Amino acid sequence: MSDSSPARPAVPVLDVWCELQCPDCHSALDDLRALRARYGDRLEVRLRHFPLEKHTYAFAAAQAAEEAVEQGKGWPYVEAVLGRVTELDREGEPLLVEVARELGLDAEEFDTALIDGRHILIVDADQAEGKAIGVTGTPTYVIGGERLDGGKSQEGLRERVEEIADRLLAEGA
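These figures come from a predicted structure and were not determined experimentally.

Draft legend 1. Seen up close, the packing of aromatic side chains. Tallied over the full model, the rule gives 1 aromatic pair. Seen in terms of ring centroids, Tyr77 and Phe110 are 5.2 Å apart; in terms of plane orientation they differ by 35°. Their pairing is tilted. Here Tyr77 is found in helix α3 (residues 74-82), whereas its partner Phe110 is found in helix α6 (residues 107-116), with 33 residues between them in sequence. With a relative accessible area of 1%, Phe110 lands in the buried category.

Draft legend 2. Broad picture of the pattern of salt bridges. The full count for this structure, using the stated rule, is 21 salt bridges. Residue Asp15 is joined to Arg46 by a salt bridge in which the shortest nitrogen-to-oxygen separation is 2.7 Å. Remark: Arg46 occurs in strand β2 (residues 44-49) and Asp15 occurs in strand β1 (residues 13-18); sequence separation between them is 31 residues. Across the pair Arg118 and Glu109 runs a salt bridge, and its minimum N-O distance is 2.6 Å.

Draft legend 3. Highlighting the packing of helix α1 (residues 23-39) against α3. The contact between α1 and α3 brings their axes to 9 Å, and the two run at 145°. Of the two elements, α1 crosses α3, and the hand of that crossing is left-handed. For the pair α1 and α3, the contacting residues are Cys25, His26, Leu29, Leu32, Arg33 and Arg36 in the first and Trp75, Glu79 and Leu82 in the second. Of the residues that constitute the contact of α1 with α3, the class distribution is 5 nonpolar, 1 polar and 3 charged.

Draft legend 4. How the structure looks around the nonpolar core. Residues Leu14, Leu20, Tyr77, Leu82, Leu96, Phe110 and Tyr141 are the most contacted members of the largest nonpolar core, which totals 42 residues. For this core, the element with the highest residue contribution is α1, accounting for 6 residues. The contact partners of Phe110, leaving out residues within four places of it in the chain, are Ala64, Glu67, Ala68, Gln71, Tyr77, Leu96, Val97, Ala100 and Leu105. Counting residues in each nonpolar core, the second largest holds 5 residues, with Trp17, Phe50, Leu52 and Val142 among its members.

Draft legend 5. The side chain of Gln63, seen in detail. Within the element layout of this structure, Gln63 appears in helix α2 (residues 58-70). Here Gln63 is in contact with Ala113, Leu114, Gly117, His119, Ile120 and Val123, once residues within four sequence places are set aside.

Rules used throughout
- Residues numbered from 1 in each chain as written.
- Predicted model: local features only at pLDDT ≥ 70, side-chain atom pairs only at ≥ 80, totals over all residues.
- Heavy atoms only, no water.
- Phe/Tyr/Trp six-rings, centres within 6.5 Å; stacked < 30°, edge-to-face > 60°.
- Helix = DSSP H or I, 4+ residues; strand = E, 2+ residues; numbered from the N terminus.
- Buried < 20%, exposed > 50% of the residue type's maximum accessible area, 1.4 Å probe, protein only.
- Salt bridge = Lys/Arg side-chain N within 4 Å of Asp/Glu carboxyl O.
- Axes fitted to C-alpha atoms, helices over the stretch in contact; angles between N-to-C directions.
- Left-handed = near helix turned anticlockwise from the far one by under 90°.
- Contact = heavy atoms within 4.5 Å.
- Nonpolar A, V, L, I, M, F, W, Y, C, P; charged D, E, K, R; others polar.
- Core = buried A, V, L, I, M, F, W, Y, C linked by side-chain atoms within 4.5 Å.

Here is the structure:
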């Protein structure tokens, strides 16, 4: 199909397979903030859900994150919950609603979303896709077809993501 308008080149995508009750994902927050600050809209950073069975509230937290996306504050919500991983361990779902309220989101809608399960399909689809590409733990990064496992160590991962992103951006220019 021909289009006379110049196509805007697609920006590289960094998929971050994460779960919100994971201490390693909390540790990765600084790297994610740095990447988002460095690249802005030249790199699409997408949160992908990979709740681990060993974390009781991870599946509910993933659903809550999707509700936050729907209400327009996905990243602020994710960062706030990851900043309180140990509280989430203790308090569970009430903390997810409390964080929503603190961010000025519709907390009642969060509560309802957790009850009616409206975001379960998104979380399930992310988890299935993650398993299909070999994700076994969180955080795992996928950029330019390369999978980088951050669950064992964050050491050097941001630099590796930047190398790949810079290469992809140069190729797209």
